Amino acid sequence: MTKPRPFVLSFQRRIANPVARRVARYLPGQVVVETTGRRSGLPRRTPVAGTLVGSTFWLVTEFGRESQYVRNLEADPHVRLQIRGKWRAGTAAVLDRDDPRERLKQLP
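Residues numbered from 1 in each chain as written. Predicted model: local features only at pLDDT ≥ 70, side-chain atom pairs only at ≥ 80, totals over all residues. Heavy atoms only, no water.

Got a minute to help me understand a nonpolar patch on the surface in this structure?
A cluster of nonpolar side chains, Val 23, Tyr 26 and Leu 27, forms an exposed patch at the surface whose accessible area comes to about 310 Å². Tracing the backbone shows Leu 27 in the loop between helix 1 (6-23) and strand 1 (30-36). A relative accessible area of 42% places Leu 27 in the partly exposed class. (Patch = residues over 30% accessible without salt bridge, like charges linked within 9 Å, V, L, I, M, F, W, Y side chains within 5 Å. Areas by Shrake-Rupley, 256 points an atom, 1.4 Å probe, with all protein chains shown as cover. Salt bridge = Lys/Arg side-chain N within 4 Å of Asp/Glu carboxyl O. Helix = DSSP H or I, 4+ residues; strand = E, 2+ residues; numbered from the N terminus. Buried < 20%, exposed > 50% of the residue type's maximum accessible area, 1.4 Å probe, protein only.)

Can you help me understand the nonpolar core in this one?
Note that soluble globular proteins tend to have their nonpolar side chains buried in a common cluster. Val 31, Val 33, Val 48, Phe 57, Tyr 69, Val 70, Leu 73, Val 79, Leu 81 and Ile 83 together form the largest nonpolar core, which totals 10 residues. Mapped by element, the contributors of at least two residues to this core are strand 1, helix 2 (68-75) and strand 5 (78-83). Setting aside residues up to four positions removed in sequence, Val 48 forms contacts with Gly 29, Gln 30, Val 31, Val 33, Phe 57, Leu 59 and Tyr 69. (Core = buried A, V, L, I, M, F, W, Y, C linked by side-chain atoms within 4.5 Å. Contact = heavy atoms within 4.5 Å.)

How should the environment of Arg 39 be read in this particular structure?
Structurally, Arg 39 is set in the loop between strand 1 and strand 2 (43-49). A relative accessible area of 76% means that Arg 39 is categorised as exposed. Put simply, Arg 39 and Asn 72 are 33 residues apart on the chain and 8.6 Å apart in space, counted from C-alpha to C-alpha.

What exactly am I supposed to notice about the pairing of strand 1 here?
On any regular strand, side chains alternate: one points to one face of the sheet, the next to the other face. Of all seven residues that make up strand 1, five are buried, and the element is covered over most of its length. Summarising the sheet, strand 1 and strand 2 pair through seven bridges and their orientation is antiparallel. In the strand pairing of strand 2, Thr 36 is matched with Pro 43. Two successive antiparallel strands, strand 1 and strand 2, enclose a turn made up of six residues, where Gly 41 displays a positive phi of approximately 80°. (Pairing = 2+ DSSP bridges.)

In structure tokens:
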């Protein structure tokens, strides 16, 4: 996987994510995932796209294990998801053997 470009990271961190955190709860297929910061111990909220299948929320991360929220959930897999304005608690897992291209075909 290629490393994210500094411009992309800067744009997402400063512009896209703050806006998306506010509107994700109103958009289908969008949620806010709350992890615990692996260094700070503080809640970290990140907007993501995916789909709820039964009681499992599926998503494919853009930058894989380079994503900060993925690093956070690997350190502490307890997460919360804000789906349609309601918070749900859960346990996250990274599935290394899952094919991301095939998974994306199943997601919105």
